[in-house]
Amino acid sequence: MFRPAALFIGLRYTRAKKRNHFISFISLMSMFGIALGILVLITVLSVMNGFDREIKNRVFSMVPAVTVGSITNTLSNWQQVESIVKKYPSVTGAAPFVSGQVMLTNAGSVQPVMLMGIIPTEESKITQLADKMISGKLTDLVPGSFNIILGEDLANRIDAGVGDKITVVTPQVSLSPAGVIPRYKRFTVTGIFRAGSGFGFDLALAFIDLNDAQRLFQMGTSISALHVNIQNVYNAPQFSEQLTVALGNNARVNNWVEQFGEYFHAVSLEKKMMFFILLLIIAVAAFNLICTLVMVVNEKEADIAILRTIGATPGMVMAIFIVQGAIIGVVGTLLGVVGGVLLARNVTEVVDGIERLFHVHFISSNIYIVNYLPSEVQWTDVWQISAAALVLSLLATLYPAWRAARTEPVEALRYE
């Protein structure tokens, strides 16, 4: 079978038993260095992807993509606005709500919270609050019942449980013969939800029925705004601009990017910086590959001279050493990709095993948003890392191969 001479000789040099074991050792270390760099890079980026996934799940399970209100902070014609919003094909749901800052008091404890008045059946189309209930049900919020659902941290903070009655104090005041007194109302705790740590939802939010909220805040039939979900949450800024034009100057349209966009941008920037920093590990291994091939060229000067005297061109000699270096790069890349993907897919179990073995706990939900090490392999990252490693490896072969091509047969054979 026909094989190009450069490829055949390059493979032969790779398989040949070298007299200089030090060069063989450096070559092997270069291969393992590339593999180690790729393994670390895939694993770290996969862990960052895992944290990014958990963050998005926590945020988008409780925060709608778009909020439609008015510059007066009250929306009286909300049914009309809702009908306009739902005409867009990308809208998957819309739900009215009433919100306001209140103080919750119970057993001598006082805690400020954002009180949300919702329609349970409509809210389930927007958020995953119903799935996060650990006690009670979201449907327990019925008009006129004055029931309330608290976050787990909030319930612990004011020492309230299901069935307890707590007092809700609003900023509005009422005039009485005794003077000006704040408005307050007793509510019965019928449920507790757990959204998870990291963003303070469990401490800062409480939910009641929409009608009860309208009565509490004296809003009549008006609402604060509409929560809107769309098919692709990352199109929220563009969709917000469309709604602003359609609803007019009196409308106020906000989206999740305004509240959490900087945080996600910081995570994305951190991932990119981590990619370039850890890519230096592969660059160091590629530099070792340059040193290895330079030493190989010095050792093979006599062989190169003989090849030149029997008709080998400088391009052929250059191709021989490019093949030899490329084999080291390709094998190292394959080892790194296989090892990196395997480790990234099982890093959660590996870390859990280490924690159980040494009785330590590396990840705490008191500090991080989760109490385990999440991981998500994205094949786009794997292909980019593999391509970067192969490019660096091929670039590392150019100088030694060019130096081999410049070898003069007469000078190389003078002392042979």
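Before any of the text, the structure's been laid out above.
Residue numbers run consecutively from 1 along every chain, following the written order of its sequence. Note on the predicted model: pLDDT of at least 70 is required for a residue's local features to be given, and 80 or more for side-chain atom pairs to be given and counted; whole-chain, interface and lining totals, by contrast, use all residues. The side-chain values count all of the structure's non-hydrogen atoms but skip hydrogen atoms and water molecules.

**Quick word on a positive patch on the surface**
Point 1. A cluster of basic residues, K165, K185, R186 and R215, forms a positive patch on the protein surface.
Point 2. Relative to the elements of secondary structure, R215 occurs in helix 7 (residues 210-216). To count toward a patch, a residue needs a relative accessible area above 30% and no salt bridge. Like charges then connect within 9 Å, nonpolar side chains (Val, Leu, Ile, Met, Phe, Trp, Tyr) within 5 Å. To measure how exposed things are, a 1.4 Å probe is used in the Shrake-Rupley method; for residues, cover is taken only from the protein chains shown. Within this document, salt bridges are pairs made up of a side-chain nitrogen of Lys or Arg and a carboxyl oxygen of Asp or Glu, the two lying within 4 Å of each other. For this count, His and the chain ends are skipped, Lys and Arg are scored as positive, and Asp and Glu as negative. Where a charge lies is defined by one atom per residue type: Lys uses NZ, Arg uses CZ, Asp uses CG and Glu uses CD. Numbered from the N terminus, helices here are DSSP runs of H or I no shorter than four residues, and strands are runs of E no shorter than two.

**Thoughts on the nonpolar core**
Point 1. To qualify as a nonpolar core, a set must consist of buried Ala, Val, Leu, Ile, Met, Phe, Trp, Tyr and Cys residues joined through side-chain atoms within 4.5 Å. Think of it in three bands: residues with accessible area under 20% of the maximum for their type are buried, residues over 50% are exposed, and the middle band is partly exposed, with areas taken using a 1.4 Å probe on protein chains only. Membership of the largest hydrophobic core comes to 65 residues, with the highest contact counts inside it found for L104, I148, L150 and F207.
Point 2. Dropping the residues within four chain positions of it, F207 is found in contact with M62, L115, M116, I118, L129, L141, N147, I148, I149 and F193.
Point 3. Listed in part, the 18 residues of the second largest apolar core include I42, L278, V377 and A388. Contact definition: two residues touch when any of their heavy atoms are within 4.5 Å.

**So, the pairing of strand 3 (residues 109-118)**
Point 1. Paired strands, as defined in this entry, are two strands with at least two bridges between them according to DSSP. When strand 2 (residues 91-106) meets strand 3, the two strands line up antiparallel, connected through 10 bridges. Bridge pairing links N106 to S109 in strand 3.
Point 2. Connecting strand 2 to the next strand, strand 3, in antiparallel fashion are 2 residues, including A107 with a positive phi near 50°.
Point 3. Here strand 3 runs beside strand 8 (residues 205-209); their pairing, made up of 5 bridges, is parallel. Note on strand 8: the bridge partner recorded for M114 is L205.

**What to know about a nonpolar patch on the surface**
Point 1. On the surface, a nonpolar cluster with roughly 510 Å² of combined accessible area is contributed by F25, L28, M29, F32, V331 and L335.
Point 2. Looking at the nonpolar patch, the elements that each hand over two or more residues are helix 2 (21-60) and helix 11 (314-358).
Point 3. Ranked by residues supplied to the nonpolar patch, first place goes to helix 2 with 4 residues.
Point 4. Take F32: its relative accessible area is 42%, and that puts it in the partly exposed class.

Don't take any of this as a statement about function, it's just geometry.
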